[in-house]
Amino acid sequence: MRDPFNANGPAMQAAIASLADTGHYKAAQAHNEKWRAWLTDEISGLGLTVTPSAANFILIHFPSTPGKTAADADAFLTKRGLILRAVAAYKLPQALRLSVGTEEPNRLVVEALREFMGAA
């Protein structure tokens, strides 16, 4: 048995070493803050609830309406090659976790969600 987000020893050493690269850290932090806010605004604008976040991901809540559930959204997005994390195992069956990515995949996810929610 293992944790779902575990990391091996070399990965942990690399993470610790990366903290010394303050330029990279600050750039990554700024990128995350910019795109997390953008994703939150865009997805909220589609009528979906987004849990406020300070992390490198957001939690998107879907309605229980047939055809618009988190499971339906997950299947829809997966068919388009967009992989979000289902969090039903964390007692959040109507939510998906979206990691903040680079500009292109962020925009692709929003456009796909817009299509899924019928706002295209």
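None of these values were measured; they are calculated from a predicted model.

Trainee: Describe in detail unusual backbone geometry, supporting the description with residues and values.
Mentor: In this model, Lys91 sits at a positive phi of 65°, which is unusual for a non-glycine residue. The exposure class assigned to Lys91 is exposed, which follows from its relative accessible area of 75%.

Trainee: Which residues make up the sheet that holds strand E2 (residues 57–61), and what are the values?
Mentor: The antiparallel open sheet is built from four strands, whose spatial order is E1-E2-E4-E3. Looking at strand neighbours, the two that pair on one side only are strand E1 (49–51) and strand E3 (85–86), the edges of this open sheet. Two strands pair when backbone bridges link them, and E2 and strand E4 (residues 95–99) are joined in this way by five bridges, in the antiparallel orientation. When the bridges of E4 are listed, His61 appears paired with Ala95. Contacts from helix H2 (residues 22–44) reach E1, E2 and E4 within the one sheet, and its direction differs from that of E2 by about 10°. Helix H3 (residues 70–79) rests against E3 and E4 of the sheet, and its axis sits at about 40° to E4.

Trainee: Summarise the packing of H2 against helix H4 (residues 103–116); cite the residues concerned and give the values.
Mentor: As a packed pair, H2 and H4 sit with axes 10 Å apart at the nearest point and diverge in direction by 10°. Comparing their axes, H4 and H2 come out roughly parallel. Contacts between H2 and H4 involve Trp35, Trp38, Leu39, Glu42 and Ile43 from the former and Glu103, Asn106, Arg107, Val110, Leu113 and Arg114 from the latter.

Trainee: Go over a nonpolar patch on the surface with me, naming the residues and quoting the values.
Mentor: A cluster of nonpolar residues, Phe5, Tyr90 and Leu92, forms a patch on the protein surface that exposes about 300 Å² of accessible area. Relative to the assigned elements, Leu92 resides in the loop between E3 and E4. The exposure class of Leu92 is partly exposed, given its relative accessible area of 31%.

Criteria and cut-off values
Residues numbered from 1 in each chain as written. Predicted model: local features only at pLDDT ≥ 70, side-chain atom pairs only at ≥ 80, totals over all residues. Heavy atoms only, no water. Buried < 20%, exposed > 50% of the residue type's maximum accessible area, 1.4 Å probe, protein only. Pairing = 2+ DSSP bridges. Helix = DSSP H or I, 4+ residues; strand = E, 2+ residues; numbered from the N terminus. Contact = heavy atoms within 4.5 Å. Axes fitted to C-alpha atoms, helices over the stretch in contact; angles between N-to-C directions. Parallel < 35°, antiparallel > 145°, perpendicular 65-115°, else oblique. Patch = residues over 30% accessible without salt bridge, like charges linked within 9 Å, V, L, I, M, F, W, Y side chains within 5 Å. Areas by Shrake-Rupley, 256 points an atom, 1.4 Å probe, with all protein chains shown as cover. Salt bridge = Lys/Arg side-chain N within 4 Å of Asp/Glu carboxyl O.

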